[in-house]
Amino acid sequence: MRGRIILNEHETPPLTQSPGLPKSPEGEPVFADPWMADAFAMVVGLYEKGIFDWDEWTHALSMQLNRRGRAEDGSDYFDCWVAALSNIIVDHGIVDVDEILDLQQSWQRAAEATPHGQPIELANDPLR
């Protein structure tokens, strides 16, 4: 099911306890958009592979959650997840900042080139 991460029933990764993480009444993470679930899944996957530990994640996320200019209503919470994850993967040499920026620009061009109502796909970027 999209938007739901299935975890080992005997293990609750600390990432699911991240401050401000939107949760259902049952305590499971909830996502307003599919990309938010994707961001969550990437973070969980990299954490489970040992790319970073809980302390590194909380520091990276905290830096984003406490920066100036955040949305007062918290609607940018998963934007903070993406920014924190981006910083971690750059710090670990998994990607380079320019690669992230190029990909962001490519997605923006793809969004602008996609007809209304159609799914945005990276292949829609006219420069790809």
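Residues numbered from 1 in each chain as written. Predicted model: local features only at pLDDT ≥ 70, side-chain atom pairs only at ≥ 80, totals over all residues. Heavy atoms only, no water.

- Per an unreviewed UniProt entry, the protein chain goes by the name Nitrile hydratase accessory protein and belongs to Rhizobium sophoriradicis.

Re the packing of aromatic side chains
Then, in step 1: Scanning all chains against the criterion turns up nine aromatic pairs.
Then, in step 2: Here the aromatic rings of tyrosine 47 and phenylalanine 52 are separated by 6.1 Å at their centres, their planes lie at 45 degrees, and the arrangement is tilted.
Then, in step 3: You can call phenylalanine 52 buried: its relative accessible area is 3%.
Then, in step 4: Relative to tryptophan 81, the ring of phenylalanine 78 lies with its centre 5.7 Å away and its plane at 50 degrees, an arrangement referred to as tilted. You can see phenylalanine 78 and its partner tryptophan 81 sitting in helix α3 (residues 77–91), three residues apart, about one turn around the helix.
Then, in step 5: When its relative accessible area of 4% is taken as the criterion, phenylalanine 78 is described as buried.
Then, in step 6: Taken together, Phe31, Phe40, Tyr47, Phe52, Trp57, Tyr77, Phe78 and Trp81 form an aromatic cluster joined through their ring pairs. (Phe/Tyr/Trp six-rings, centres within 6.5 Å; stacked < 30°, edge-to-face > 60°. Buried < 20%, exposed > 50% of the residue type's maximum accessible area, 1.4 Å probe, protein only. Helix = DSSP H or I, 4+ residues; strand = E, 2+ residues; numbered from the N terminus.)

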